[in-house]
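Chain by chain, the residues run as shown.
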Amino acid sequence: MSGRLTNKQLEEKANTIRKDIIRMLEEAGSGHSAGPLGLADLVTTLYFDVMNLDPKNPEWDGRDFFFLSNGHCVPVQYAVMAERGFFPKEELMTLRKWGSRLQGHPERTKLQGLENTSGPLGSGLSQAAGVAYSLQYLDHDNHRFVYCVTGDGELDEGNIWEAAMFAGKYKLSQLVVFVDRNNIQIDGNTEDVMPLEDLAGKWKSFGWHVQEIDGHNIESIQDAVGMAKAIEHRPSVIITHTIPGKGVDFMEYDYHWHGMPPNHEQAKEALHELRTLRGKIKGEHE
Amino acid sequence: MSDFKLAPKVYDSPDMEPIRAGFGRGLKHAGELDERVVALCADLTGSVQMDKFAEAFPERFIEVGIAEQNLVTVASGLARAGKIPFTASYAAFSPGRNWEQIKTTAALNDQPVKIVGGHAGLNTGPDGATHQMLEDIALMRVMPNMVVICPGDSVEAEKATLAIAKNGKPSYIRLARDKTPVFSTVDSPFEIGKAYVLKEGKDVTLCGTGTMTYELLVAAEILKKHKIDAEVVHVPTIKPLDEATLLKSVQKTGRVVTAEEAQIAGGLGGAVAECLGEHLPVPVKRLGVMDRYGESGTPREVIEQFGLDGKALAHKIQQFVEKVPQYKKGY
């Protein structure tokens, strides 16, 4: 790993990622806005600060693993991977287009660096658990970690709780899961569609170590990962509270933006907000 | 003629063994040959014959509980970590319950996850319709990247298990529960994607898969008495289908009957009809389960009630041959 970024630099990276997400989605004309914007701080921190990886050798056998279980949020992963050097940034504008490696939902066989194929919800956690099981029990390699991001609406899926039981039974201590707790899903707020609370209690009762953090505070993310890695004999879940649509006023907290891209005017306004950090910076370069 | 020699006394007093027993031996052997082979089970370890592997390699055996969706998706992760995972349950539950997970995380994801569907077909007997999986061939055959194998007996199941351990592809293997005749021998060939002519004939081609191949051999003997000279082709791999062997046989016989312990829609019958429809449109009669569910009974009773024993098959084949002329050029 070459020179680590400061947390200020990580915040700026995350802001760059948000701008890329807006541009990608506008260009694609379809896709999900709220989740990817909300996850920008977390995924940026994972790829630039937390995970051992080599963008020039994505299959490097010393790497940590990243599983995106809620595949519809993949624009944030693509944007971060490009920024990290896995592929050229120009390619981001091919998202969801014919012939692109950047499929609407992530496909491992299309793009090196992706660990799984996901989109249908509820299965990424099991796949991450499978890798974590292999590292812990078959490869006896305790230096590598498996990071998995799930949505909160995704936790409606039974497959998730099958995986949660499995990881608890086998005490998969190299598995670190982030639940993107943004409280929205397609049909509305999670607590209206299908209540998840007491969410921390649910995971705890399945044998997991549970933390709750502000998903927009980079230091909190770093601290929580440190704690998760230190915990032995239990898998870790970090309930990561995020604001859906984070960084763009008219998208924040609004579930209607779950599955919608911005049109040209909306993208312009969103980029203006992100460039100026909502008016904090005056000299905006268009 | 292939070099497929039938077991001695195959018509009089064949050895009887459940197909799943061959899988159990094959899996243990595969584990001995390659330490990347791991086995996952959903609370049916003895029933699907994973116990031999579990005893020999406890560190490579993973019990996931009654959770078929997790079964195959954890396996997908293990494959990502470089392992060759065999997942076993009853076919009614895997792929019956977890088809989407198999599609997304094994097939589309192109990982060498092995799906072992135990207790498939009517042969599951007394457990009844919920457990007599009849739709699995169709379900798995439509999935790109997936290999679909339905061994004819326990000896072949052992070879098929070893073969899919090495093929690097997502693969489905269908196993029957009850004892059935062993018609192959340890020396019989088995290769993924190959069909085998077990008996030559000129009047009609009989294509069987799984337990139905033996019943077709019996039927062919009965048909001899009615002066019908049937060719019997065993089709253990349904996908990829051995079109060359099928077409070669059909060019000679001009008529085809298929038999399977499964729904004919989308099953072996479907696969054969699709192939012939495009390449050589001869008359086809598909025998199997005709758009209905199974019922409780002893395995043999159920097979007979569905008209899939050798005698009943012979009767239906005879009617077909007498009614429908052989295809000729310019037909």
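The numbers attached to residues start from 1 for each chain and follow its sequence in the written order. Written order determines the labels here, with chains lettered from A and ligands numbered from 1. Local features in this predicted model are restricted to residues whose pLDDT is 70 or higher, and side-chain atom pairs enter the listing and the counts only when it is 80 or higher, whereas totals over whole chains, interfaces and linings include all residues. Side-chain numbers here rest on the full set of heavy atoms in the structure, without hydrogens or water.

## Some remarks on the overall build of chain B
Helix numbering and strand numbering both begin at the N terminus, where a helix is a DSSP run of H or I of at least 4 residues and a strand a DSSP run of E of at least 2. Each helix and strand counted, chain B has eleven helices and 14 strands in total. Atoms counted for the radius of gyration: C-alpha only. Globule rule: 2.2 Å times residue count to the power 0.38. For 331 residues, the compact-globule estimate of 2.2 N^0.38 gives 20 Å, and chain B sits close to it at 19 Å. Over its C-alpha atoms, taken along the principal directions, chain B stretches across nearly 60 × 40 × 40 Å. Residues counted as buried form 65% of the 331 residues belonging to chain B. When contacts within chain B are restricted to residue pairs at least 6 apart in sequence, those whose partners lie at least 24 apart make up 80%. The accessible surface values rely on the Shrake-Rupley method and a 1.4 Å probe; as for residues, cover is taken only from the protein chains in view. Summing over all exposed atoms, chain B offers an accessible surface of approximately 12200 Å²; the carbon and sulfur share of this is 51%. Within chain B, one finds 39 positive and 42 negative side-chain charges whose respective centroids are separated by 5 Å. Only protein chains enter the accessibility calculation, which uses a 1.4 Å probe; a residue whose area is less than 20% of its type maximum is buried, one above 50% is exposed, and one in between is partly exposed. Two residues qualify as a contact provided that any one of their heavy atoms is within 4.5 Å of a heavy atom in the partner residue. Note that His is not counted, nor are the chain ends; the positive residues are Lys and Arg, and the negative ones are Asp and Glu. Every charge is mapped onto a representative atom, which is NZ of Lys, CZ of Arg, CG of Asp or CD of Glu.

## Let's talk about the pairing of strand S14 (residues 284–289) of chain B
Within a regular beta strand, the side chains point alternately toward one face of the sheet and then the other, so they alternate between its two faces. Paired strands are those between which DSSP finds at least two bridges. Where strand S13 (residues 256–263) of chain B meets S14(B), five bridges bridge the pair, whose relative direction is parallel. Its bridge partner lying in S14(B), Thr258(B) is registered against Arg286(B).

## Thoughts on the sheet that holds strand S3 (residues 175–181) of chain A
Where strands meet in a sheet, backbone hydrogen bonds hold them as pairs that are either parallel or antiparallel. Residue and element names in this part refer to chain A. Spatially, the five strands line up as an open sheet ordered S1-S2-S3-S7-S6, and their pairing is parallel. The sheet terminates laterally at strand S1 (65–68) and strand S6 (209–214), the two strands that pair on one side only. Each adjacent strand pair in this sheet contributes to an overall mean axis angle of 20 degrees, direction not counted. Fitted lines through C-alpha atoms give the axes, limited to the stretch in contact for helices. The angle between two N-to-C directions lies from 0 to 180 degrees.

## A few points about the nonpolar core
The biggest cluster of nonpolar side chains holds 77 residues, and the ones touching the most others in it are Leu175(A) and Trp203(A). Take this core: its biggest share by element is eight residues, from helix H4 (residues 124–138) of chain A. Boundary definitions for the domains trace back to an automatic or database domain assignment. Here this core spans two domains, and each of domain 1 (16–181) and domain 2 (196–323) of chain B adds at least three residues to it. Setting aside its immediate chain neighbours within four residues, Leu175(A) contacts Leu125(A), Ala128(A), Ala129(A), Ala132(A), Val146(A), Ala167(A), Trp208(A), Pro235(A) and Ser236(A). In these notes, a set of buried Ala, Val, Leu, Ile, Met, Phe, Trp, Tyr and Cys residues joined through side-chain atoms within 4.5 Å is what counts as a nonpolar core. Core analysis: the second largest hydrophobic core is formed by 55 residues, Met51(A), Ala82(A), Val225(A) and Ala228(A) among them.

## Description of the layout of surface pockets
Residues and elements named next belong to chain A. Here a cavity means grid points, on a 1 Å grid over the protein atoms only, where a 1.4 Å probe fits yet cannot get out; a pocket means an open set of points with protein on both sides within 12 Å along at least five of seven lines; lining residues are those with an atom within 4 Å of a point. Grid points are joined across faces, edges and corners, and a volume is the space filled by probe spheres set on the points. Each pocket or cavity is described by its volume, and for the largest pocket that value is around 480 Å³. What lines the largest pocket is a set of 19 residues, and nearest its centre among them are Glu-11, Asn-15, Arg-18, Leu-277 and Lys-280. Contributions of two or more residues to the lining of the largest pocket are made by helix H1 (7–28) and helix H9 (264–276). The greatest single-element share of the lining of the largest pocket, amounting to seven residues, is contributed by H1. Throughout, the ten residues Ala, Val, Leu, Ile, Met, Phe, Trp, Tyr, Cys and Pro are labelled nonpolar, Asp, Glu, Lys and Arg are labelled charged, and all others, Gly among them, are labelled polar. Split by residue class, the lining of the largest pocket holds three nonpolar, four polar and twelve charged.

## Concerning the interface of chain B and chain A
Each partner contributes residues to the interface: chain B has 27 residues there, and chain A has 27 residues. Carbon and sulfur atoms make up 53% of the surface buried where chain B meets chain A, a total of about 2100 Å² over both sides. Salt bridges are defined as contacts in which a side-chain nitrogen from Lys or Arg sits within 4 Å of a carboxyl oxygen from Asp or Glu. In this structure, the connection of chain B to chain A is made through three salt bridges. Residues Asp139(A) and Lys83(B) are paired through a salt bridge, measuring 2.7 Å at the closest nitrogen-oxygen approach. In this description, buried area is defined as the sum, over both parts, of the accessible area (probe of 1.4 Å) that is lost when the two are combined.

## Details of the domain arrangement of chain B
Frequently, the measure chosen for interface size is the accessible area that the parts lose on association. Residue and element names in this part refer to chain B. Assigned domains within chain B: domain 1 (16–181) and domain 2 (196–323). Centre-to-centre separation of domain 1 and domain 2, based on C-alpha positions: 25 Å. Counting residues at the interface gives 32 residues for domain 1 and 33 residues for domain 2. For the pairing of domain 1 and domain 2, the buried interface totals around 2300 Å² over both sides, and the portion due to carbon and sulfur atoms is 61%. Ranking the residues of domain 1 by area buried against domain 2 places Leu-122, Leu-134 and Arg-141 at the top, with a combined share of 30%.

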